[in-house]
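Structural features, examined
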Amino acid sequence: MLRHLMYKIKSTGPITVAEYMKEVLTNPAKGYYVCRDMLGEKGDFITSPEISQIFGELLGIWFISEWIATGKSVAFQLVELGPGRGTLMGDILRVFSQLGSVLKNCDISVHLVEMSQKLSEVQAVTLTEEKVPLERDAGAPVYMKGVTKSGVPVSWYRDLQDVPKGYSFYLAHEFFDVLPVHKFQKTPQGWREVLIDIEPQVSDKLRFVLAPCATPAEAFIQHDETRDHVEVCPDAGVVIQELSQRIALTGGAVLIADYGHDGTKTDTFRGFCGHKLHDVLTAPGTADLTADVDFSYLRRMAQGKVASLGPINQHTFLQNMGIDVRLKVLLGKSDEPSTRQQLLQGYDMLMNPKKMGERFNFFALLPHQRLHGGRHHMNECQSKPSTSPVAGFSELAWR
Ligand code: SAH
C-alpha cells in the first residue's frame, strides 16, 4: 500500500486526505476493509454490537416501534450500511422472530450494503448459517442473495443506489466514520487543504503539507465557519441526500449511530491497530482510519427534505430504550457467573460516559409528517399517521 501511494504521489503530486483514506481503506486489491476481518477482540477495534447482544436487541425494538408508529405497513425493507460481521443484523432479526406475533403479517426483507468481499462472506455465515445455498453473481449490482436462519430473504449490494426504493428502515452503525474526509486549515491566506506528500529527507515516509492555493473541496466549508481546522466528508453528504430523498418519497426512517460531534470538533482523523491509536501515515493499510462524524453536516445535507432527531448520546438513547430493564431480565435468567459478568461488563462499556456512553451518538432522519403530523400520501402501505414520540430520543417514549 505504501509503495502504491508513493508511486501515485510521485506521478501526480501530493494527494488529499480523502484520496488517501479511500485508497487505504477501500482499494479493490489491497484496501484495509477489502482484505480482512478487523472486528472483535482479536482485531483492531470492537463495536457495540460485538460487545453486547442487548445493543442490537434494543435497535430491533426501535425499528418495530417506528413500524407501529407509522401505521404497520404490510411490508418493509431493513437496509444496513456497512454491516461488519453481521452481528447487529443477527440480533435485530432475533428480536423480530421473538416478536413474530406483532410482525406476523409483515413481509420483511434484508438488504446489506457492503463493499468488502471478505466481510460479506462473514455476514453470510452469521445470518444464514448457509442452510440454503447462496446465489452469487460478482458482476451484478446484487452480488449475493440468500435466506436468513429465520427465513427472511437477504441481498448484498456494493452501493446504496442499487437497493430497491421500497418502504424501508435504514441503519448505519459505525459506517459514516470510515468515509473519506477532506481536511482544511485556516491560514492568513484563507482556507488551505491538508495534503499528503512524501517526506523529502526520509525514504518511505509520508508527511502532511498544506496546499499552496485553494482546492475545490473548499466549497464544502460553511461561509460563517469559526473553527480554524475542519474536516468535510462529501461522500457522507451524497449518502444522506440519497437517504433523505428515499424517506421523503416512500416513508420509513434512518437510524445512524457513530462517534461524532455537532459541528464543534476540529482534528479527529485517527488510526487504530490492535485496539491502540496508530499514526495515520505509518504502514498504511494495516490500521483502520476514521474521522468523527459531523452530525451538523449530515443535518445540512438532508436539505430539509426530512426531519432530523439528535445527535443524542448513546447512554441516554439506550437508557430511553429500556436497557436497564433488559439487563435485569437477562441477569434474572442466568445463574452462570461468567455470563453475568459478561452482561455487566458489556453494559458498562456501552453506557459508561467515560467509555462509549458519551462518545457515541444516535441521529435519526424521519418524514416530516412523523414528527409534525398532517396529511401524507407517502406510501400506499401506510395508514394512521402518528405523532407519538420517537423511541430512544425522548424519555417519555419509554415510560
Ligand atoms: N457496522 C459494523 C461494522 C463497522 S466497520 C459494526 O458496527 O460492527 C465499517 C463497515 O463499513 C464494514 O463492514 C466495511 O466493510 C463497510 N464499508 C466501509 N466503507 C464502505 C463503503 N464505501 N461502502 C459500503 N460499505 C463500506
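Described below are features of the structure shown in this document. (Residues numbered from 1 in each chain as written. Predicted model: local features only at pLDDT ≥ 70, side-chain atom pairs only at ≥ 80, totals over all residues. Heavy atoms only, no water.)

Here the largest pocket is characterised by a volume of approximately 910 Å³. Considering the residues around the largest pocket, the lining is formed by 40 residues, among which T26, M115, F175, V178 and L179 are closest to the centre. Taken as a whole, the second largest pocket encloses approximately 460 Å³ of empty space. The wall of the second largest pocket is formed by 18 residues, among which E50, I51, S52, Q342 and G346 lie closest to the centre. (1 Å grid on protein atoms, 1.4 Å probe; cavity = no way out; pocket = protein on both sides within 12 Å on 5 of 7 lines; lining within 4 Å. Points joined across faces, edges and corners; volume = space filled by probe spheres on them.)

This brings us to empty space enclosed by the protein. Across all of its chains, the model carries 3 cavities of 30 Å³ or more by this definition. The computed volume of the largest cavity comes to approximately 90 Å³. Lining the largest cavity are 13 residues, with V181, C233, D292, V293 and D294 positioned closest to its centre. Going through the elements one at a time, β11 (229-232), β16 (293-294) and α9 (295-301) are the ones with two or more residues in the lining of the largest cavity. Along the lines of polarity and charge, the residues of the lining of the largest cavity split into 9 nonpolar, no polar and 4 charged. (Helix = DSSP H or I, 4+ residues; strand = E, 2+ residues; numbered from the N terminus. Nonpolar A, V, L, I, M, F, W, Y, C, P; charged D, E, K, R; others polar.)

Going through the model one piece at a time under the given rule, you end up with 13 aromatic pairs. An angle of 85° between the planes, with centres 5.2 Å apart, marks the rings of Y32 and Y33 as edge-to-face. On the numbers, 5.1 Å between centres and 80° between planes, the contact of F76 with F169 is edge-to-face. Of the two residues, F76 sits in strand β2 (residues 75-81) while F169 sits in strand β7 (residues 168-173), which places them 93 residues apart along the sequence. F169 matches F76 in its accessibility class, with the two residues each being buried. An aromatic cluster of at least three residues, connected via ring pairs, comprises W62, F63, W67, F76, F96, Y167 and F169. Looking at R359, its charged tip hangs above the ring of Y259, at a distance of 5.4 Å from the centre. (Phe/Tyr/Trp six-rings, centres within 6.5 Å; stacked < 30°, edge-to-face > 60°. Buried < 20%, exposed > 50% of the residue type's maximum accessible area, 1.4 Å probe, protein only. Lys NZ or Arg CZ within 6 Å of the ring centre and 35° of its normal.)

Our next topic: the sheet that holds strand β13 (residues 270-273). Ordered by their spatial adjacency, 3 strands build an open sheet running β14-β13-β15, and the pairing between neighbours is antiparallel. Only two strands of the sheet have a single partner each, and these edge strands are β14 (276-278) and β15 (288-290). Taking each pair of neighbouring strands and ignoring which way they run, the sheet shows an average axis angle of 40°. (Pairing = 2+ DSSP bridges. Axes fitted to C-alpha atoms, helices over the stretch in contact; angles between N-to-C directions.)

Before going further, it helps to examine the pairing of β2. Burial runs high along β2: 6 of the 7 residues are buried. Direction of pairing for β2 relative to strand β3 (residues 107-113): parallel, over a ladder of 7 bridges. Within β3, the position partnered with A75 by the bridge is D107. Taking the sense of rotation as the criterion, the β-α-β connection linking β2, helix α6 (residues 87-98) and β3 turns out right-handed. Relative to β7, β2 is paired through 5 bridges, and the arrangement is parallel. By the bridge assignment, Q77 is partnered in β7 with S168. (Right-handed = clockwise from strand over helix to strand, strands pointing away.)

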